Amino acid sequence: MINVNTGFPIFFKHIADYTSITGNDFEDIITYFTKVNLKKGDALIRMGDKVDNTYWVLKGLLISNYTDDTGNTYVIQFANEGCWITDQQAFYYRGRAIFDIICLEHTELFSISFEDREKLCSDIPKMGDFFRKKINESYVKQQKRLLTYMTKDATERFNILRNDYPELFQRVSKKLLAAYLGVSRETLSRLKK
């Protein structure tokens, strides 16, 4: 379990932005989480793994991707500081991962198991509100991204990504950015000019 005395004001603020909690609430909440440290290149989740946990990124950057039967890889999500990440289908339905989630940098995470999350929401109902709001926010972002891919050309998708997540262009390779945008590296190079 996490020692609250080591200071986690960023995580406290993240929760407090969505529901009203006190310092005492946070001391109780943090006991449900475990801190995880991973190195660049480490796999948080591999396709086929049983997924028991969801993760909040304190420090670092991860990528979630899907590889189809022909070997094509599709970037689903980048998760940097302040983001939640897991294979949602496997986590919520207690199944096996369909995505790989890999650390692109040294990464520090707060981890909570499905069972502990359910217990936390039961013990501290404010956290049920918190997770509901976070799930709704995630759904809206995914819906927006899907709609962007259906209705925008490569230039528009590039500009949206650059405006919404400018730091990714300093932290992520051109190859991965191109895969996220659904374009070739050559196309990405032309778009960056």
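Positions within a chain are numbered from 1, following the residues in the order the chain's sequence is written. Two thresholds apply to this predicted model, a pLDDT of at least 70 for residue-level local features and 80 or more for giving and counting side-chain atom pairs, whereas whole-chain, interface and lining totals are computed over all residues. The side-chain quantities take in all heavy atoms of the structure and omit both hydrogens and water.

Asks: Can you tell me about the packing of helix H8 (residues 174–181) against helix H9 (residues 185–192), naming the residues and giving the values?
Replies: For helices, the fitted line uses only the C-alpha atoms of the stretch in contact; every axis is such a line through C-alpha atoms, and the angle between N-to-C directions lies from 0 to 180 degrees. For helices the rule is a DSSP run of H or I covering at least 4 residues; for strands it is a run of E covering at least 2, with both sets numbered from the N terminus onward. Where H8 contacts H9, the two axes come as close as 9 Å, and the packing angle between them is 95°. Here H8 lies roughly perpendicular to H9, going by the angle between them. Contact with H8, carried on its side by Lys-174, Lys-175, Leu-177, Ala-178 and Leu-181, involves Arg-185, Leu-188 and Lys-192 of H9 and no other residues of that element. Grouping the constituent residues of the contact of H8 with H9 by class yields four nonpolar, no polar and four charged. Throughout, the term roughly parallel applies to angles under 35 degrees, roughly antiparallel to angles over 145, roughly perpendicular to angles from 65 to 115, and oblique to all others. Any two residues whose heavy atoms approach within 4.5 Å at even a single point are treated as in contact. Each residue is assigned to one of three groups, with Ala, Val, Leu, Ile, Met, Phe, Trp, Tyr, Cys and Pro labelled nonpolar, Asp, Glu, Lys and Arg labelled charged, and all others, Gly among them, labelled polar.

Asks: So, the sheet that holds strand S1 (residues 34–38): which residues are in play, and what are the values?
Replies: Strand order in the open sheet made by the four strands is S1-S8-S3-S6, with antiparallel pairing throughout. Pairing within the sheet leaves two strands with one partner each, and these edge strands are S1 and strand S6 (84–85). Where strand S3 (residues 53–59) lies against S6, two bridges are found, and the strand directions are antiparallel. Within S6, the position partnered with Tyr-55 by the bridge is Ile-85. For two strands to pair, DSSP has to find at least two bridges joining them.

Asks: Please set out helix H1 (residues 9–16) residue by residue, giving values where relevant.
Replies: Count 3.6 residues to each turn of an α-helix, and residues three or four apart come out pointing the same way. Considered for burial, the residues of H1 that qualify are Phe-11, His-14 and Ile-15. Along the long axis of H1, the arc covered by the buried residues comes to 95°, so they all point the same way. The exposed set on the far side of H1, more than 90 degrees from its buried face, consists of Pro-9 and Ile-10. Tucked into the core, H1 has its buried residues touching helix H2 (23–30), S3, S6, strand S8 (107–113) and helix H5 (125–151). Accessibility here uses a 1.4 Å probe with only protein chains present; expressed as a share of the type maximum, an area under 20% marks a residue as buried, one over 50% as exposed, and anything in between as partly exposed. The directions considered for the arc run from the helix axis to the C-beta atoms.

Asks: A description of the nonpolar core should follow, citing residues and the corresponding values.
Replies: Across soluble globular proteins, you tend to see nonpolar side chains buried next to one another. Judged by nonpolar contacts, the single largest core of 20 residues is most densely connected at Phe-11, Phe-33 and Leu-120. If you list the elements that add at least two residues to this core, you get H1, H2, S3, S8, helix H4 (114–123) and H5. Setting aside residues up to four positions removed in sequence, Leu-120 forms contacts with Ile-29, Tyr-32, Phe-33, Ile-112, Met-127 and Phe-131. Core analysis: the second largest hydrophobic core is formed by 18 residues, Val-75, Ile-102, Leu-177 and Val-183 among them. Residues grouped as a nonpolar core are buried Ala, Val, Leu, Ile, Met, Phe, Trp, Tyr and Cys residues, joined through side-chain atoms within 4.5 Å.

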